[in-house]
Amino acid sequence: MEKLEKLSRKRSSIRDAITKLSSELDNFIETEAKEIDYFGELLEQLNAKDSSLNSLNSKIEASISDPNEYDKEINESEEFSESIVKSRIKIKKQIKLLEEKTVTSMQSTVSFSNTPTIKLPEIPLPKFSGRYEEWINFKLQFNNLITSNSQLSQEQKLHYLNSSLTGPAKDLQSIDDTFDSLFKALTDRFENKRLLVELHINEILEAGKLTTESAKDLRNLTDNIKKSIHGL
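This is a predicted model, so every value here is computed, not measured.

Digging into the overall build of the chain
For the chain, the count of helices and strands is 8 helices and 2 strands. Counting from the amino terminus, the chain carries its helices and strands in the arrangement α-α-α-β-β-α-α-α-α-α. Taken over 232 residues, the chain has a buried fraction of 31%. Sequence-distant contacts in the chain: of pairs separated by 6 or more residues, those separated by 24 or more amount to 64%.

Right under this line is the structure:
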């Protein structure tokens with residue numbers, strides 16, 4: 001019993017801290033001086049406290065033997081968890097709104113210029129639909145345009161990455177994604193080197209025979225084989 005009371009007091013302290021964070025969030029949303037970094041830090045704090053809270057909930061539930069008390073505990077925990085989810089959604093909504101204000105192109109493009117006096121054409125974000133053979137090229141282009149850009153925050157990079165995904169590749173997205181976690185999930189899924197080698201070898205084998213001895217057909221065949229070999 002003493003152990004249960006100690007766990008309950010500790011949990012109450014964490015719940016109070018989470019409630020304080022939620023109030024701080026609501027107050028900050030009302031101000032005009034909003035910053036993405038602040039919301040990102042707030043989200044990290046909320047996630048950390050939520051993790052600690054879940055651990056305590058499990059210990060408390062394991063210590064309760066009375067069925068009625070157990071049901072009451074479960075309902076109370078779920079109700080508080082819902083409030084945490086609402087706060088998390090608020091934070092992510094604010095981050096998205098701030099990102100949209102800082103992104104100057106409505107078509108998800110990024111402009112780069114080597115010198116202040118030269119305006120280069122806008123470079124569209126690369127797209128990835130989930131085809132294994134397209135992953136390496138997409139990864140290289142995205143890293144050059146977005147990942148290596150030190151002026152972009154992690155939240156902005158995540159926004160661009162989400163905008164780049166289409167088709168089956170979008171299935172890996174989730175509400176709890178960070179830029180690093182989503183990029184790692186994509187790499188783990190699609191950077192299958194053995195499969196890529198097999199795909200390129202099949203492309204070489206299926207390049208076909210020349211139906212005519214024209215220079216154009218020979219050049220096309222050579223280009224296709226070189227492309228597949230380069231992919232290896």
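Following the structure, the description resumes.
What to know about the packing of aromatic side chains
Using the criterion set out here, one finds 14 aromatic pairs in the structure. Measuring from centroid to centroid gives 6.3 Å for Phe142 and Phe179, while their planes differ by 25 degrees, and the two rings are stacked. Note that Phe142 is positioned in helix 4 (residues 132–147) and Phe179 in helix 6 (residues 179–190), a separation of 37 residues in sequence. Of the residues examined, Phe142 reaches a relative accessible area of 0% and is grouped as buried.

Some words on the packing of helix 4 against helix 5 (residues 154–164)
Between helix 4 and helix 5, the shortest axis-to-axis distance is 11 Å and the interhelical angle comes to 150 degrees. In the packing of helix 4 onto helix 5, the handedness of the crossing is right-handed. Along its contact with helix 4, which presents Phe138, Phe142, Ile146 and Thr147, the element helix 5 presents Lys157, Tyr160, Leu161 and Ser164.

Focus: the pattern of salt bridges
Applying the stated rule across the entire model yields 8 salt bridges. Two residues, Lys90 and Asp26, come together in a salt bridge whose shortest N-O distance is 2.9 Å. Of the two residues, Lys90 is situated in helix 3 (residues 67–102) and Asp26 in helix 1 (residues 2–30); the sequence distance between them amounts to 64 residues. A salt bridge links Arg88 to Asp50, with the shortest nitrogen-to-oxygen separation between them at 3.1 Å.

With respect to the environment of Lys49
Residue position: Lys49 is located in helix 2 (residues 36–63). With 31 residues separating them in the primary sequence, Lys49 and Ile18 have C-alpha atoms 7.0 Å apart. Beyond its immediate chain neighbours, meaning those up to four positions away, Lys49 contacts Ile14, Ala17, Ile18 and Leu21.

Regarding the side chain of Arg11
Note on placement: Arg11 falls in helix 1. Within the structure, the side chain of Arg11 is placed 2.2 Å from the side chain of Glu73, a separation counted as a polar contact.

Remarks on a nonpolar patch on the surface
A cluster of nonpolar side chains, Val85, Ile89 and Ile175, forms an exposed patch at the surface whose accessible area comes to about 260 Å². Examined against the element boundaries, Ile89 turns out to sit in helix 3.

A look at the nonpolar core
Of all hydrophobic cores here, the largest spans 22 residues; its most connected members are Ile18, Phe39, Leu42, Leu53, Ile84 and Ile91. Among the elements that line this core, the one with the most residues is helix 2, at 9 residues. Counting 19 residues, the second largest nonpolar core, distinct from the first, contains Phe128, Leu145, Leu161 and Phe179.

A few points about a negative patch on the surface
A cluster of acidic side chains, namely Glu24, Glu35, Asp37, Glu41 and Glu44, defines a negative patch on the protein surface. By residue number, the principal contributor to the negative patch is helix 2, which donates 3 residues. Here Glu24 lies in helix 1.

Observations regarding the packing of helix 5 against helix 6
One way to put it is that helix 5 packs onto helix 6 with a least axis distance of 8 Å and a crossing angle of 35 degrees. On the side of helix 5, the interface is formed by Gln154, Lys157, Leu158, Leu161 and Asn162, while helix 6 contributes Phe179, Asp180, Leu182, Phe183 and Leu186. Across the contact of helix 5 with helix 6, the residue classes break down as 6 nonpolar, 2 polar and 2 charged.

Examining the environment of Gln141
Assignment of secondary structure puts Gln141 in helix 4. Here Gln141 falls in the partly exposed class, since its relative accessible area comes to 42%. Expressed as a C-alpha distance, the spacing of Gln141 and Lys127, which sit 14 residues apart in the sequence, is 9.6 Å.

Digging into the environment of Phe183
Here Phe183 shows up in helix 6. Separated by 11 residues in the primary sequence, Phe183 and Leu172 place their C-alpha atoms 9.7 Å from one another. Ignoring any residue separated from it by four or fewer positions in sequence, one finds Phe183 in contact with Trp135, Lys139, Phe142, Asn143 and Leu161.

The rules behind the values
Residues numbered from 1 in each chain as written. Predicted model: local features only at pLDDT ≥ 70, side-chain atom pairs only at ≥ 80, totals over all residues. Heavy atoms only, no water. Helix = DSSP H or I, 4+ residues; strand = E, 2+ residues; numbered from the N terminus. Buried < 20%, exposed > 50% of the residue type's maximum accessible area, 1.4 Å probe, protein only. Contact = heavy atoms within 4.5 Å. Phe/Tyr/Trp six-rings, centres within 6.5 Å; stacked < 30°, edge-to-face > 60°. Axes fitted to C-alpha atoms, helices over the stretch in contact; angles between N-to-C directions. Left-handed = near helix turned anticlockwise from the far one by under 90°. Salt bridge = Lys/Arg side-chain N within 4 Å of Asp/Glu carboxyl O. Polar contact = N/O pair within 3.5 Å; in protein donor to acceptor, adjacent residues only side chain to side chain. Patch = residues over 30% accessible without salt bridge, like charges linked within 9 Å, V, L, I, M, F, W, Y side chains within 5 Å. Areas by Shrake-Rupley, 256 points an atom, 1.4 Å probe, with all protein chains shown as cover. Core = buried A, V, L, I, M, F, W, Y, C linked by side-chain atoms within 4.5 Å. Lys, Arg positive; Asp, Glu negative; His and termini not counted. Charge placed at Lys NZ, Arg CZ, Asp CG, Glu CD. Nonpolar A, V, L, I, M, F, W, Y, C, P; charged D, E, K, R; others polar.

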